Amino acid sequence: MKFTKPAWVMHKDSSKTDHDTKRLSIFSIHVHPDGSRIATGGLDAKIRIWSTKPILNHASEMSNRPPKSLCTLSMHTGPVLTIRWAHSGRWLASGSDDEIVMIWDLDPSGRGKVFGSNEVNVEGWKPMKRLPGHESDVTDLAWAPEDRYLASVGLDSVVMVWCGYTLERIRKLDQHQGFVKGVCWDPVGEFMATQSDDKSVKIWRTTDWQLEAEIRKPFEDSPGSTFFRRLSWSPDGAHITASNATNNKGFVFIAAVITRGTWTSEISLVGHENTVEVAAYNPHIFLRNPASPLATSNICSVVALGADDRSISIWQTKSARPLIVAREVFERQIMDLSWSWDGLTLYAASSDGTIAVFHFDPEELEGIAPHSAQEQYLHKFGFVPPPTPEGFSHGTFTHSTTTASASRITPPPSPNRVPSQSQSGFGASNGINGGEHINKLVAKKSNKKRVQPVLMSSVPSASTSRSARVSTSALPPSANALGSRAFQAPEIPRSRQASHSTSPVPSPHTYDADVEMGGPMDMDVPIDALDTSMSSANKGKRKASVLDTPEDRPSKPRTLGGDRPRETVAVREITSASLVSARTHLFEGADLLPVPPLLTFLSVNVEGSDIVFDARNSEGDGPTEITFADGKQTLWLDYLPSPVLALTVSTTFCAAATQDGSVNVYSHTGRRLMATLSFGSPCAMMHGCKLALMILTASGQLSSINVKNASSFFPPTSVAPLLSSSPNCTILSATVRHNGAPMIHCSSGIAYTYDIQLFSWTKLSERWWAEGSDVWQGRQRANKDKDVVASIEGAISTTSVPASHKERPAWWNTALTLGHLESKLHAAKALDSAAEYKQALLIYARKLADEGFRAKAEELIKELFGPIFWRPGGRDDSWTPLVAGMPKRDLLREVLSVFARSKTLTKLALDWQDTLKRASSDDQL
């Protein structure tokens with residue numbers, strides 16, 4: 001099994017700059033039936049479509065072929081909570097908390113720059129139809145087998161069933177008494193299952209849409225706080241695995257397996273330490289004994305579970321134990337899971353804004369059977385689905401690559417499609433082929449016929465298109481004359497393209513569905529091939545856009561050195577006497593810190609991206625060159641008069657330190673952000689974080705600079721006092737926080753920072769606390785960006801010597817624990833780590849409450865409360881209302897709630913809670 005977490009799959013906060021990117025939650029993920037792309041929906045109200053080849057193939061990721069990001073869809077006005085590809089692969093359904101279900105269709109003319117951003121859509125998808133009707137957030141969607149129906153559920157406690165052909169609403173089911181957060185279909189087509197916060201799973205018959213069964217037992221004590229209750233039906237139709245179930249009166253979190261027919265849950269999947277949020281069955285059935293024939297007794301399934309404990313488990317129903325348990329895959333809970341159609345890849349999405357991918361070898365999933373075995377097995381149920389609406393067909397749903405004819409499907413006509421006869425997309429005569437019906441889709445009181453652009457108002461809606469639906473005829477024979485190449489995905493039909501566009505659709509024979517949908521996974525450039533074929537096919541058929549005419553506008557903006565591919569150089573230490581001894585004799589013997597060796601090649605990269613900052617030092621008389629590249633393409637370059645010793649790069653700038661004691665600071669476009677800094681001594685260490693740049697020279701001078709304001713956070717200071725604190729002390733690392741606070745880790749087991757208010761070095765942490773503190777976190781894993789103090793303690797632990805066991809005084813642990821927590825509060829405040837400050841404060845309050853130290857507790861309360869009549873600009877300006885960016889009185893409320901639950905400080909807490917309440921009331925007057 002291969003596991004990967006592609007950092008470039010992300011939904012960004014549009015309120016942040018490109019250089020200050022913040023990940024937003026991803027609520028849903030789904031794989032296209034051909035496996036070539038995935039769609040994700042997130043908190044940014046956007047749907048993003050990504051290539052899977054760069055995820056699964058490292059060479060493809062490095063070459064960016066095919067492009068990683070294919071399309072961004074931004075028609076929703078609220079977070080996108082669910083997305084699901086149709087089984088045919090032609091449509092994409094999305095649901096949002098804007099209460100709308102949207103159906104998206106491929107638009108060959110929709111490629112180009114995304115409005116209002118720097119993103120470029122490699123392929124185009126357009127909203128084909130809006131399905132209004134829900135009165136609250138749409139939380140889940142599911143396509144029925146053969147796309148016969150589409151079901152949507154939401155926080156309005158309603159289940160909507162839509163026709164998968166006409167996209168008209170068939171039924172509204174409102175028997176649930178709570179938020180509905182999950183829906184799935186029986187692979188046979190006989191039933192539909194929904195799961196709700198009313199602590200039930202309901203089974204519905206598709207023949208009359210009446211209730212078949214209701215299952216409540218395993219959900220009676222389930223918590224109602226989960227985002228979703230996503231359930232899944234096994235591919236053999238025998239079981240439903242439902243999320244958010246419990247055993248033992250709610251103390252054991254499980255996934256409940258419901259048996260078809262009896263509709264009871266006698267099987268539980270136990271092991272997760274928190275609520276199971278989503279279940280997803282592998283689309284293949286599995287044979288217990290591959291050598292035995294297909295029979296009920298020889299069939300099992302594979303199901304994946306995602307939970308709020310940040311772990312994923314994969315189970316095979318023939319075993320009582322999971323096949324795989326992946327713990328702490330994410331930093332927050334799992335929101336959605338999706339299997340590829342071949343059953344070998346599992347995609348997972350989390351609210352921390354990342355996705356994870358598990359790719360299996362066929363040998364690891366023993367007994368996997370072809371889809372034909374599932375189709376053969378499901379025939380035993382004898383269920384006959386209702387007839388297809390006249391004039392519509394989704395065709396043959398097969399993903400076999402053996403026969404081209406089997407993989408071709410008859411495209412269903414769009415509800416409002418008419419042949420285009422002119423450049424405007426409409427015929428010369430409105431009376432031909434029902435052309436009058438197009439204008440009925442435009443909501444206008446006037447009877448005038450008008451051509452509308454494709455805005456939200458002109459996207460057909462299920463609430464209005466019932467009266468305006470046109471009768472469609474069979475497709476022309478030319479629609480079946482597409483390329484004959486066999487591939488796994490169904491082809492994109494001509495009739496579903498650009499049904500509302502004012503530009504005509506390219507004729508069907510001008511492109512091949514293999515190219516349009518990404519083609520087989522071993523294609524080198526599936527998306528780039530589309531650009532060539534489409535641009536040549538469209539000549540003379542519509543007005544050329546700026547993207548189609550490279551002679552009018554270059555395809556790429558011109559950059560300094562941008563026409564040169566990035567090259568790497570063998571890394572060697574330069575020992576040339578003329579270069580190494582270039583420093584003046586003035587500073588000889590004055591170095592406190594060693595100077596880094598002079599190398600032929602240095603390289604650093606921007607975390608979470610393919611952007612690389614390189615430097616090349618010549619071993620002879622050649623120039624020193626620095627380059628800034630994205631992948632293998634150079635974005636800009638520059639030449640420097642002295643060899644480069646150190647590089648650093650942040651999300652907003654990059655810097656190069658040279659041997660002559662200079663530092664050059666650039667923006668990501670290659671513009672110098674400030675004059676060249678000259679320190680008179682070579683750089684020993686350099687680090688950047690967001691807008692802060694720290695330079696530590698060989699002479700021991702430390703500078704912390706705000707790059708945005710071109711100013712210093714504090715006057716340059718020397719690290720000599722740190723090195724003289726103990727014999728043979730050396731500096732192991734030197735980094736900087738976004739607020740300009742340096743972090744110096746010494747070999748003595750002490751970490752320091754410079755306090756701007758005190759004009760003094762202060763200790764962040766030291767190995768002394770490990771001697772007896774109960775809250776020392778030295779051996780725990782920590783995120784360096786979010787848990788900076790914990791990561792410092794972890795670094796100290798790796799260099800510390802195990803303490804010998806000594807006899808300790810009675811109050812040893814209590815004193816060191818309180819001292820450690822107080823020191824940690826000061827460290828978190830100095831490093832502007834709000835989450836760690838709050839965490840340490842509450843642990844400190846709990847410790848004071850447990851020990852009953854009233855005097856310390858009261859002093860802490862007064863420090864957080866401040867003067868009773870404090871006002872900004874008043875007499876007492878020594879007290880500030882914020883600490884680490886958080887209101888002190890908000891923190892005080894939580895501290896008082898801790899004290900109120902203790903046995904010794906309850907009275908003190910209640911008195912101050914009343915005082916705080918009165919002060920808050922006065923502030924509001």
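Residues numbered from 1 in each chain as written. Predicted model: local features only at pLDDT ≥ 70, side-chain atom pairs only at ≥ 80, totals over all residues. Heavy atoms only, no water.

Trainee: Please clarify how the overall build of the protein should be interpreted in this entry.
Mentor: Assigned secondary structure in the protein consists of 16 helices and 52 strands. Per-residue burial over the protein gives 53% buried out of 925 residues. Across the protein, contacts joining residues at least 24 apart in sequence account for 57% of those joining residues at least 6 apart. A total of about 42000 Å² of accessible surface is found on the protein, and carbon and sulfur atoms cover 52% of it. (Helix = DSSP H or I, 4+ residues; strand = E, 2+ residues; numbered from the N terminus. Buried < 20%, exposed > 50% of the residue type's maximum accessible area, 1.4 Å probe, protein only. Contact = heavy atoms within 4.5 Å. Areas by Shrake-Rupley, 256 points an atom, 1.4 Å probe, with all protein chains shown as cover.)

Trainee: Sorry if this is basic, but what is going on with the nonpolar core here?
Mentor: Taken as a class, soluble globular proteins show a tendency for nonpolar side chains to be buried jointly. Counting 47 residues, the largest nonpolar core has Y837 and F899 as its most contacted members. Counting residues per element, the ones that place at least two in this core are helix 11 (788-799), helix 12 (812-830), helix 13 (834-851), helix 14 (854-865), helix 15 (888-900) and helix 16 (906-924). Among the elements that take part in this core, helix 13 stands out by supplying 8 residues, more than any other. With residues near it in sequence (within four places) discarded, Y837 still touches L825, A828, K829, V883, A884, M886 and L891. (Core = buried A, V, L, I, M, F, W, Y, C linked by side-chain atoms within 4.5 Å.)

Trainee: What's the story with the sheet that holds strand 9 (residues 91-96) in this structure? I'm lost.
Mentor: Paired through their backbone hydrogen bonds, the strands of a sheet run either parallel or antiparallel. The strand order across the open sheet formed by 4 strands is 8-9-10-13, and the pairing between neighbours is antiparallel. Edge positions in the open sheet fall to strand 8 (80-85) and strand 13 (125-131), since each of these has one partner strand only. Strand-to-strand twist in this sheet, taken as the mean axis angle between neighbours without regard to direction, amounts to 25°. Where strand 9 and strand 10 (residues 101-106) come together, 5 bridges link them in antiparallel fashion. (Pairing = 2+ DSSP bridges. Axes fitted to C-alpha atoms, helices over the stretch in contact; angles between N-to-C directions.)

Trainee: Would you explain unusual backbone geometry in this entry?
Mentor: Leaving glycine out, the prevailing phi sign among residues is negative, and the prevailing peptide bond configuration is trans. Here R65 and P66 are connected by a cis peptide whose omega angle stands at 0°. On the secondary structure map, P66 appears in the loop between helix 2 (58-63) and strand 7 (69-73). Positive phi is not limited to glycine here, since K690 has a value of about 55°. Note that K690 resides in the loop between strand 43 (683-689) and strand 44 (692-697). Look at K690 and you get partly exposed, because its relative accessible area is 41%.

Trainee: What is the right way to look at the state of the cysteines in this model?
Mentor: Among covalent bonds in proteins, the disulfide is the one between the sulfur atoms of two cysteines. Counting across every chain of the model gives 0 disulfides. No disulfide involves C746; its nearest neighbouring cysteine sulfur is the one of C729, lying 4.2 Å away. (Disulfide = S-S within 2.5 Å.)

Trainee: What exactly am I supposed to notice about the sheet that holds strand 5 (residues 37-42) here?
Mentor: Overall, antiparallel pairing links the 4 strands, which are arranged 4-5-6-7 in an open sheet. Either end of the sheet is taken by a strand with one partner, and the two such strands are strand 4 (26-31) and strand 7. Strand-to-strand twist across the sheet, computed as the mean angle between neighbouring axes with direction ignored, equals 20°. Looking at chain direction, strand 4 and strand 5 are connected through 5 bridges and run antiparallel. Considered in strand 5, the bridge of V31 is made with I38.

Trainee: What is the right way to read the packing of aromatic side chains from this model?
Mentor: Two aromatic rings, taken as a pair, are described by how far apart their centres are and by the angle between their planes. A complete count under the given rule lists 22 aromatic pairs for this structure. Judged by centre distance (5.4 Å) and plane angle (75°), the ring pair of Y754 and W761 falls under edge-to-face. W761 shares its class with Y754; the two are buried. Taken together, the ring pairs connect F613, F628, W636 and Y666 into an aromatic cluster. Its end group placed over the ring of W8, K68 keeps NZ or CZ at 5.7 Å from the ring centre. Directly above the aromatic system of F381 lies the positively charged group of K380, at a separation of 5.2 Å from the ring centroid. (Phe/Tyr/Trp six-rings, centres within 6.5 Å; stacked < 30°, edge-to-face > 60°. Lys NZ or Arg CZ within 6 Å of the ring centre and 35° of its normal.)

Trainee: Would you mind going over helix 15 with me for this structure?
Mentor: In an α-helix, one full turn covers 3.6 residues, which means residues spaced three or four apart are oriented alike. Between its first and last C-alpha atoms helix 15 spans 18 Å; for 13 residues at 1.5 Å apiece the expected length is 18 Å, and the two agree. Those residues of helix 15 that fall on the buried side of the exposure criterion are K888, R889, L891, L892, V895, L896, V898 and F899. Buried positions in helix 15, seen along its axis, are confined to an arc of 155° and lie on one side of it. (Expected span 1.5 Å × (residues − 1). Arc of directions from axis to C-beta.)

Trainee: Would you mind going over the packing of helix 14 against helix 15 with me for this structure?
Mentor: Geometry of a packed helix pair, given as the angle between the helix axes and the separation of the axes. Their axes nearest at 8 Å, the elements helix 14 and helix 15 cross at an angle of 155°. By the angle between their directions, the pair helix 14 and helix 15 is classed as roughly antiparallel. Here the hand of the crossing between helix 14 and helix 15 comes out left-handed. For the pair helix 14 and helix 15, the contacting residues are A857, L860, I861, E863, L864 and F865 in the first and K888, R889, L892, V895, L896 and F899 in the second. Looking at the contact of helix 14 with helix 15, its residues break down into 9 nonpolar, no polar and 3 charged. (Parallel < 35°, antiparallel > 145°, perpendicular 65-115°, else oblique. Left-handed = near helix turned anticlockwise from the far one by under 90°. Nonpolar A, V, L, I, M, F, W, Y, C, P; charged D, E, K, R; others polar.)

Trainee: Help me understand helix 13, please; the structure alone is not making it clear to me.
Mentor: The end-to-end C-alpha separation of helix 13 is 26 Å, in line with the 26 Å expected for 18 residues at 1.5 Å each. Turning to helix 13, its buried residues are E836, Y837, A840, L841, L842, Y844, A845, K847, L848 and A849. Of the residues trailing helix 13, G852 is marked for its positive phi of about 75°.

Trainee: Explain the pattern of salt bridges here, please?
Mentor: Any two side chains of opposite charge can pair, given that their charged atoms come close. Within this structure, the stated rule accounts for 29 salt bridges. The salt bridge involving D911 is made with K907; its shortest N-O contact spans 2.8 Å. One end of the pair is D911 and the other is K907, both in helix 16 and 4 residues apart, which spans about a single turn. You can call K907 exposed: its relative accessible area is 55%. Within the structure, one salt-bridge network assembled from shared partners comprises R84, D140, R230 and D336. (Salt bridge = Lys/Arg side-chain N within 4 Å of Asp/Glu carboxyl O.)

Trainee: Can you help me understand the environment of G620 in this one?
Mentor: By the secondary structure assignment, G620 is in the loop between strand 36 (611-616) and strand 37 (624-630). Looking at G620, the relative accessible area reads 41%, which means it is partly exposed. As a C-alpha pair, G620 and I574 span 46 residues in sequence and 9.6 Å in three-dimensional space.

Trainee: When you look at the side chain of S243 in this model, what are you seeing that I'm missing?
Mentor: Inspection of the secondary structure assignment puts S243 in strand 23 (residues 239-247). With relative accessibility at 0%, the residue S243 sits in the buried group. There is a polar contact of 3.4 Å between the side chain of S243 and the backbone oxygen of E277. Apart from the residues within four sequence positions on either side, S243 is in contact with Q195, F219, R229, R230, V276, E277 and V278. (Polar contact = N/O pair within 3.5 Å; in protein donor to acceptor, adjacent residues only side chain to side chain.)

Trainee: Is there a simple way to think about the packing of helix 12 against helix 13 in this case?
Mentor: Between helix 12 and helix 13, the least distance of the axes is 9 Å, while the angle of their chain directions is 155°. As judged from the angle between their axes, helix 12 and helix 13 are roughly antiparallel. In terms of crossing hand, the pair formed by helix 12 and helix 13 is left-handed. Every residue of helix 13 that contacts helix 12 at T814, T817, L818, L821, E822, K824, L825, A828 and K829 is listed here: E836, Y837, A840, L841, I843, Y844, K847, L848 and E851.

Trainee: Where do I start with the environment of I574 in this structure?
Mentor: Structurally, I574 can be placed in the loop between helix 8 (526-537) and helix 9 (577-580). We classify I574 as buried; its relative accessible area is 3%. Remark: the alpha-carbon pair of I574 and E619, spanning 45 residues in sequence, is separated by 6.3 Å.

Trainee: I'm lost on the confidence of the model for the protein in this one. Help?
Mentor: Regions with low pLDDT should not have their predicted coordinates read in detail. For the protein, the average pLDDT comes to 80, and 76% of its residues sit at 70 or higher. Counted against residues more than four places away or in other chains, residues 398-458, with its pLDDT under 50, gives 125 contacts. Low pLDDT, under 50, characterises residues 582-588; the predicted model gives this stretch 7 contacts beyond four residues in sequence or across chains. (pLDDT = per-residue confidence, 0-100.)

Trainee: What exactly am I supposed to notice about the side chain of H11 here?
Mentor: Of note, H11 is situated in strand 2 (residues 11-12). Within polar-contact distance, the side chain of H11 engages the side chain of T40 at 2.8 Å. Here D44 takes part through its side chain, which lies 2.8 Å from a polar atom of the side chain of H11. Residues within four places of H11 in sequence aside, it is in contact with K22, R23, L24, I26, T40, G41, G42, D44, K46 and R48.

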